[in-house]
Amino acid sequence: MPPVKILVVDDEPDLELLVRQKFRRQIREKELEFAFAHNGVSALAHLQANPEMDLVLTDINMPVMDGLALLGKINELNSLVKTVVVSAYGDMQNIRTAMNRGAYDFLTKPIDFDDLTLTIHKTAQRVLELRQLTREHEQLAAIQQELNVATRIQRAILPSAFPPFPGVKEFDLYAEMIPAREVGGDFYDFFLLDEERLGLVIADVSDKGVPAALFMAVTRTLLKSVALTGVSPGACLARANRLLVEENTSCMFVTALYGILNLRTGEFEYSNAGHNPPVLVSPSGTVQHLKTKAGIVLGINEHYEYQSDRLELKPGECLFLYTDGITEAVNNRLELFSAPRLERCLQSIGSTSPRQIIRAVMDEVQQFAGDEPQADDLTMMVARYHS
Amino acid sequence: MQFSEDKQGSVVIVGLQGRMDSNTARTVEEKMLGLIERGEHRLLVDCAELDYISSAGLRVFLATAKRLTQTKGKLVLATLNDDVKQVFDLTGISSIFQISPSREDALTQYQQEA
């Protein structure tokens, strides 16, 4: 424990001798450390030069600047130092003024040194607690700052340049994620496996916060690297799942849909690990959720075999992929946006450019939700096939 | 989110009421793991008044079930409403749990074992 640092302010020079005498043991053993000033002005100068002071013990009646004026100035210093005033016995009016100006405690003259010792320890304890709180507050602010940086990094790993492959004319693609207030776990991804196959991933990590963000980063990398080996969607999910289960100690999981669009034939082969099925939007205005074999979410069952489904896309048809933040967006009556409402919404939009579809759905969801804060990220990806 | 607790024989019946999402799931997780720490290892979760469950809520059930396998315990979920059941089905997670249509039926699952 470092010594408690006390500044004694009094215009009577005798007090310094008395204090040094009475507390000689504590001074010798470095429990207490005293400094002395003889009026408010020199006390203030000492505090400015020594911000680590814990406690000021001040007389009220002094020349140049009295104890009450000093109290006011100490408040302006914005330091954690606590002030104990010493006043004549019965001088209740000054004592009240001092307390109202933020004095922590008071003593009366003649000073009872046992009482002063107690008061010093009690006050020093309080100052210690305040310093601790301030430190913790600063640490929290630093953590918050790091979380903000984490959120930015997480957003930045999602591909955001559109059109993503300017030379490729067989499809239009657009994707967007509107994050909920906390760093979360939705992501989308897309990549060309070769000249004629486009891989599409949409996924949602359970829960929020830094654990979800870490899990998301791992999952995204795993899925992409397995997918780039060119295996079928079902095999890709199975392999990524096995790798995730091995390292999953906290029962996190990911819902994911991975599909491969053959740009030459329009065939879309996809596999679903517990994710919302995609919606097929055709130029004729029909809208339907695709049938998927309900595979289990990734990260839980090591030996699960994921099945693939197939679909033939006709020119002009759109695949609408989304996360449950869309269908589970809530309004102020806690009603869900819901899958039927999404289908109606897509029907009214029709098969237009992916960017317009996403903008229109987002508008509708936000209009529905109003000011109600959303718990989940809102993520959508649309691919429109041209042939 | 409300949380009730009742005991029938060696089975602790936990009643959940309200919405189990990322805001409330952690509290439920602490309560469930607290029960297990206390030595309870037969948990029956009555979801009759559970209005909504998000993935964060599912994770809590998975974590509880995992902890219970370590203590050779057992978790049964009972009386899920249609919306909640659908979330279990769509995520494939219903295959992992014992899910009972009623509290009474759930209780028999433990008797068979005992």
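Cut-offs used in this document
Residues numbered from 1 in each chain as written. Chains lettered and ligands numbered in written order. Predicted model: local features only at pLDDT ≥ 70, side-chain atom pairs only at ≥ 80, totals over all residues. Heavy atoms only, no water. Helix = DSSP H or I, 4+ residues; strand = E, 2+ residues; numbered from the N terminus. Rg over C-alpha atoms; globule rule 2.2 N^0.38 Å. Contact = heavy atoms within 4.5 Å. Buried area = accessible area lost by both parts, 1.4 Å probe. Salt bridge = Lys/Arg side-chain N within 4 Å of Asp/Glu carboxyl O. Polar contact = N/O pair within 3.5 Å; in protein donor to acceptor, adjacent residues only side chain to side chain. Nonpolar A, V, L, I, M, F, W, Y, C, P; charged D, E, K, R; others polar. Pairing = 2+ DSSP bridges. Domains from an automatic or database assignment. Buried < 20%, exposed > 50% of the residue type's maximum accessible area, 1.4 Å probe, protein only.

**Q** Just checking my understanding: could you explain the overall build of chain B for this structure?
**A** Counting its secondary structure elements, chain B contains 4 helices and 5 strands. Reading chain B from its N end, one meets helices and strands in the order β-β-α-β-α-β-α-β-α. For chain B, the C-alpha radius of gyration of 13 Å lies close to 13 Å, the compact-globule estimate for 114 residues. Each principal axis of the C-alpha atoms in chain B carries an extent, and together these give about 30 × 25 × 25 Å.

**Q** Quick question: what am I supposed to make of the interface of chain A and chain B here?
**A** Many analyses report the size of an interface as the accessible area lost when the parts associate. Listed as interface residues are 24 residues of chain A and, on the opposing side, 19 residues of chain B. Each partner contributes to the roughly 1,700 Å² buried at the junction of chain A and chain B, and carbon and sulfur atoms together form 57% of this total. Applying the counting rule to chain A against chain B returns 0 salt bridges. On the surface where chain A and chain B come into contact, there are 4 residue pairs in polar contact (both at pLDDT 80 or more). Considering only residue class, the side of chain A that touches chain B consists of 12 nonpolar, 8 polar and 4 charged.

**Q** Explain the pairing of strand β1 (residues 2-8) of chain B here, please?
**A** The two faces of a sheet get side chains in turn, since along a regular strand they alternate between them. Residues and elements named next belong to chain B. Bridge count between β1 and strand β2 (residues 11-20): 7 bridges; the pairing is antiparallel. What sits directly across from Asp-6, in β2, is Ile-13. Linking two consecutive strands that pair antiparallel, namely β1 and β2, is a turn of 2 residues; a positive phi of about 60° is found at Gly-9 within it.

**Q** Sorry, what's going on with the domain arrangement of chain A here?
**A** In terms of domains, chain A is made up of domain 1 (4-136) and domain 2 (157-385). Computed over C-alpha atoms, the centres of domain 1 of chain A and domain 2 of chain A are 65 Å apart.

**Q** Even after reading the chapter, I still don't get the pattern of salt bridges, so can you show me in this structure?
**A** Oppositely charged side chains may form a pair once their charged atoms are brought near each other. Residues and elements named next belong to chain A. Evaluated as defined, the whole model comprises 26 salt bridges over all chains. Note that Lys-122 is salt-bridged to Asp-105, the shortest N-O span being 2.6 Å. Separated by 17 residues along the polypeptide, Lys-122 in helix α6 (residues 113-156) and Asp-105 in strand β5 (residues 105-109) bring together distant segments of the chain. Classification of Lys-122 by relative accessible area gives partly exposed; the value is 42%. Judged by its relative accessible area of 15%, Asp-105 falls in the buried class. For the salt bridge of Arg-359 with Glu-176, the shortest nitrogen-to-oxygen distance reads 3.1 Å. Taken as a pair, Arg-359 in helix α11 (residues 354-369) and Glu-176 in strand β6 (residues 171-178) lie far apart in primary sequence, 183 residues in all. According to the relative accessible area criterion, Glu-176 is buried, its value standing at 17%. Salt bridges sharing partners connect three or more residues here, namely Asp-10, Glu-12, Asp-59 and Lys-109.

**Q** Looking at this structure, how should I read unusual backbone geometry?
**A** Residues other than glycine predominantly adopt negative phi, and peptide bonds predominantly adopt the trans conformation. Omega for the bond connecting Lys-109 of chain A with Pro-110 of chain A falls within 30 degrees of zero, at -5°, which places this linkage in the cis form. The residue Cys-251 of chain A is not glycine, and still its phi comes out positive at about 60°. Tracing the backbone through its elements, the reader meets Cys-251 of chain A in the loop between α8 (233-246) and β9 (254-262). On the basis of relative accessible area, Cys-251 of chain A is assigned to the buried category, the value being 7%. Positive phi outside glycine occurs at Thr-79 of chain B, with the angle close to 50°.

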